[in-house]
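# Overview (structure and organization)
The residues making up each chain are set out below.
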Amino acid sequence: MDKLTKDQKDEYATSFAAIALYDGGADISSEQINTLLEATGNTEVAAFYPIIFSNFLSAEKISEMIVSPVAGGGGGGGGGG
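Quick summary incoming for the structure in this document. (Residues numbered from 1 in each chain as written. Predicted model: local features only at pLDDT ≥ 70, side-chain atom pairs only at ≥ 80, totals over all residues. Heavy atoms only, no water.)

## So, the overall build of the chain
Convention followed: Numbering goes from the N terminus for both helices and strands, where a helix is a DSSP run of H or I of at least four residues and a strand is a run of E of at least two. Throughout, exposure labels follow a simple rule: accessible area from a 1.4 Å probe, protein chains only, divided by the maximum for the residue type, with under 20% read as buried, over 50% as exposed, and the rest as partly exposed. Here a residue-residue contact requires only that any non-hydrogen atoms of the pair lie within 4.5 Å. Working definition of accessibility: Shrake-Rupley area with a 1.4 Å probe, residue cover restricted to the visible protein chains.
Looking only at helices and strands, one finds four helices and zero strands in the chain. Reading the helices (α) and strands (β) of the chain from amino to carboxyl end gives α-α-α-α. Buried residues in the chain amount to 23% of all 81 residues. Sequence separation of 24 or more characterises 53% of the internal contacts of the chain that already satisfy a separation of 6 or more. When the accessible surface of the chain is summed, it comes to about 5900 Å², and 55% of that surface belongs to carbon and sulfur atoms.

Right, dumping it as structure tokens:
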């Protein structure tokens, strides 16, 4: 964690807060994210992160990201003959 930038740490903290709210069945709002961030000592997270994340990460979107398979890169090349 020491090698992460402040922005990366803010993004992680906000992401984990949103996932914790989802897991607990709570509303994923910027207010709830801020409350959880404060409760966990993450008081210096930039104010715009909870707003952006709450607008994007609804419970349905988080469920979709968890359940949906990830489409990876292409398969290996064909064998030479």
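## Points about the pattern of salt bridges
Formally: Salt bridge, as applied in this entry: a Lys or Arg side-chain nitrogen positioned within 4 Å of an Asp or Glu carboxyl oxygen.
Using the criterion set out here, one finds one salt bridge in the structure. As a salt-bridge pair, aspartate 10 and lysine 6 come within 2.7 Å of each other at their nearest N and O atoms. Here the residue aspartate 10 and the residue lysine 6 both occupy positions in helix H1 (residues 6-23), the gap between them amounting to four residues, near one helical turn.

## Remarks on H1
For the record, the criterion: By definition here, a helix of n residues has an expected span of 1.5 Å times n minus one.
Given a rise of 1.5 Å per residue, 18 residues ought to cover 26 Å, and the 26 Å separating the end C-alpha atoms of H1 matches this to within 8%. Buried residues along H1 sit in contact with helix H2 (30-39), helix H3 (48-56) and helix H4 (59-67). Where H1 terminates, the next one or two residues include glycine 25, which has phi positive at roughly 75°.

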